[in-house]
Amino acid sequence: MENDIDLLYEYLRILEIGLNGKRILKLCNGRQILPKQGVYFFFEPGEIRYNKNDLRIVRVGTHGVSIGSKSTLWGRLRAHKGTSKGFGNHRSSVFRLHIGAALMNKYPELFIETWGKGQNANQEIRSKESELEQKVSEYIGSMSFLYLSIIDEATSSSDRAYIERNTIGLLSCLNGNKDMPSTGWLGLYSKNIKIRESGLWNLDYVKYQYDPDFLDVFKEYVSITLGKTSNPDKPLAPPNWKFKINNK
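Worth saying up front: this structure is predicted, and the values here are computed from it rather than measured.

A separate point is helix α2 (residues 73-81). The complete set of buried residues in α2 reads L73, W74, L77, A79, H80 and K81. Those residues of α2 that are buried lie in contact with β2 (38-48), β3 (55-61), α3 (94-106), α4 (123-141) and β4 (144-149). Count one or two residues on from α2 and you reach G82, which has phi positive near 90°.

Below you can see the structure in the form of structure tokens.
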């Protein structure tokens, strides 16, 4: 497993060099060149890999893998980032929801009873939540990210879903990854045990037993993202990979 994790980070180093560095989320505004579809990898200041100097990944995600979805990579990142004035909506970003909940647990004075309740909120509720939303925007905005360009159909068995699920499974501390979070990591204040024990701001797939062969597909998409290879005409993931017996 350690060799596979090192290999994944080696591919990410190649990707980072080819993209001229990681993007800082708070500095992104949609005018940067981003692929329409893809998988993103967030890195958090101060979160370092075990016995390495590299930042460790703290969240992996994609967007719109339900059939017919029209969502885009930037649309998903923008929902996480919030607005240019620092506001945001945790009801449209589970990432924001998790971070806000952890901030409330660490700093009780930020507690808002309505946080995470309901799919919609009126202006009065949103106003009361605004301070915490701004804190969340500050926290997420400081993070950097890399991305893979994966242009494919929006289905739950897409290459994007394949890369997301296997990367989370590989990086989860619940599956033996030694890249543990720092003692000051905000995620340790999460009430969700999956976040605390996986070391990731993810819930799904943190117990997923990854397929080592996914790294070959990952490597190919690094090449595609950097323009060295053209986008495939058909999925690169193994047929029926989604239906293997595994843990979510």
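The subject of this paragraph is the packing of helix α5 (residues 159-171) against helix α7 (residues 214-225). Packing of α5 against α7 leaves a shortest axis separation of 10 Å and a crossing angle of 120°. The angle between the axes of α5 and α7 places the two elements in the oblique class. Considering the relative orientation of α5 and α7, their crossing is left-handed. Here α5 contributes D159, Y162, I163, N166, T167 and L170 to the contact with α7, which in turn contributes F214, L215, V217, F218 and Y221. Looking at the contact of α5 with α7 residue by residue, the classes come out as eight nonpolar, two polar and one charged.

Moving on, we come to the pairing of β3. Across the seven residues of β3, six count as buried, placing the element largely inside the fold. Alignment of β2 against β3, held across five bridges, turns out to be antiparallel. Along β3, the bridge assignment pairs F41 with V60. Counted along the chain from β2 to the antiparallel partner β3, the turn is six residues long, and its residue N51 has a positive phi close to 55°.

If you look at the biggest cluster of nonpolar residues, it comprises 62 residues, and the most contacted ones within it are L12, F41, I163, W201 and F218. Considering every element that reaches this core, the biggest residue donor is α7, with seven residues.

On to unusual backbone geometry. Look at N51: it is not a glycine, yet its phi comes out positive at around 55°. Note that N51 resides in the loop between β2 and β3. One non-glycine residue, Y205, adopts positive backbone phi at about 70°. The residue Y205 is located in the loop between α6 (193-198) and α7 in this model. Under the relative-accessibility criterion, Y205 is labelled buried at 16%.

Here α3 crosses α4 at 110°, and the two axes come no closer than 9 Å. On the basis of their axis angle, the class for α3 and α4 is roughly perpendicular. Residues F95, R96, I99, G100, L103 and M104 of α3 touch α4, and the partners they reach there are L132, E133, K135, V136, S137, Y139 and I140. Of the residues belonging to the contact of α3 with α4, the class tally is eight nonpolar, two polar and three charged.

Reading guide: rules and limits
- Residues numbered from 1 in each chain as written.
- Predicted model: local features only at pLDDT ≥ 70, side-chain atom pairs only at ≥ 80, totals over all residues.
- Heavy atoms only, no water.
- Buried < 20%, exposed > 50% of the residue type's maximum accessible area, 1.4 Å probe, protein only.
- Helix = DSSP H or I, 4+ residues; strand = E, 2+ residues; numbered from the N terminus.
- Contact = heavy atoms within 4.5 Å.
- Axes fitted to C-alpha atoms, helices over the stretch in contact; angles between N-to-C directions.
- Parallel < 35°, antiparallel > 145°, perpendicular 65-115°, else oblique.
- Left-handed = near helix turned anticlockwise from the far one by under 90°.
- Nonpolar A, V, L, I, M, F, W, Y, C, P; charged D, E, K, R; others polar.
- Pairing = 2+ DSSP bridges.
- Core = buried A, V, L, I, M, F, W, Y, C linked by side-chain atoms within 4.5 Å.

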